[in-house]
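Residue strings, one per chain:
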Amino acid sequence: MHVRERTTTKPVTWQRSALRWLPTFLGFPLGGLVAKLVSGPVDGVVAAVVGGAISGVILGAIQSWGLGTNGPPARQWIAATGAGFAVGLGFGAAAVGYGTSMGDLVVQGAICGLAIGIAQAVVLRERIGGVAFACAPTLSMLWALGWAITTASGIDVESQYTVFGASGALFVTAGTAFLPVIATRGTHAQIEVGVPAGGRRLGA
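Note that the coordinates shown come from a computational prediction; the quantities given were computed from them, not determined experimentally.

### Considering helix α2 (residues 27–39)
In this model, α2 (13 residues) spans 17 Å end to end at C-alpha, consistent with the 18 Å of a helix rising 1.5 Å per residue. Every buried residue belonging to α2 is among G27, F28, G31, G32, A35 and S39, and all of these are buried. The arc enclosing the buried residues of α2, seen along the axis, measures out at 125°, which places them on a common side. Those residues of α2 that are buried lie in contact with α3 (45–67), α6 (135–152) and α7 (166–175).

Shown next, in the form of structure tokens:
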């Protein structure tokens, strides 16, 4: 006879999950600043890849906190975000010749967001299935708009930062507030079928 596991963990509502996610916008400017100090402006492939990796690791670490204990393992999320950012910025910046016009940065952001979305979807897939990959085009669109907002707000984009400023970061963070919500639902689904959070799923 199958006995459903009981849990004493306090239920996490989608509102609480989304609110915890909002402060993670700080990971964008912090990651961009550290990358700027370490690898310099994004004016070549090495600077783009190294700067993207630094920004991604910092962003991933802060986002992992935002996902909370119901989110994917921190190491996996941080590694995925760092790798996706490095690859995305490496290709995205090169694709526009390291330009800083609004059009250039929108294209760069779209490519970078797509790469990060795919990398993060690989981690989320274990919790929510193949639908996780639908997040990739969403992140691509949001990152493109993030750069458009930052450029329109008059930020010094000629300094060639790895990522958009606070205005774009706030927009993208609000637009990705669904991530902790779906991650949490994935955890609840595991519990319902008797699989501990972080454990192997049926059919995995």
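So much for the structure itself; the text now carries on.
### Considering a nonpolar patch on the surface
Among the surface-exposed residues, V45, V46, V49 and V50 lie close enough to one another that they form a single nonpolar patch of about 310 Å² accessible area. Tracing the backbone shows V49 in helix α3.

### What about the nonpolar core?
F28, F85, L89, W143 and F164 are the most contacted members of the largest nonpolar core, which has 19 residues in total. Residue assignment for this core shows that the elements contributing at least two residues are α3, α4 (74–95), α5 (102–128), α6 and α7. Among the elements that take part in this core, α6 stands out by supplying four residues, more than any other. If sequence neighbours within four positions are ignored, F85 has contacts with G52, S55, G56, G90, C112, I116, W143, T162 and V163. A18, W77, V123 and A177 belong to the second largest nonpolar core, which has 14 residues in total.

### Section: the environment of D43
Following the sequence through the fold, D43 ends up in the loop between α2 and α3. For D43, a relative accessible area of 48% translates into the label partly exposed. On a C-alpha basis, the gap between D43 and S159 in space is 9.5 Å, while along the polypeptide they are 116 residues apart.

What counts, and where the lines are drawn
Residues numbered from 1 in each chain as written. Predicted model: local features only at pLDDT ≥ 70, side-chain atom pairs only at ≥ 80, totals over all residues. Heavy atoms only, no water. Helix = DSSP H or I, 4+ residues; strand = E, 2+ residues; numbered from the N terminus. Expected span 1.5 Å × (residues − 1). Buried < 20%, exposed > 50% of the residue type's maximum accessible area, 1.4 Å probe, protein only. Arc of directions from axis to C-beta. Contact = heavy atoms within 4.5 Å. Patch = residues over 30% accessible without salt bridge, like charges linked within 9 Å, V, L, I, M, F, W, Y side chains within 5 Å. Areas by Shrake-Rupley, 256 points an atom, 1.4 Å probe, with all protein chains shown as cover. Salt bridge = Lys/Arg side-chain N within 4 Å of Asp/Glu carboxyl O. Core = buried A, V, L, I, M, F, W, Y, C linked by side-chain atoms within 4.5 Å.

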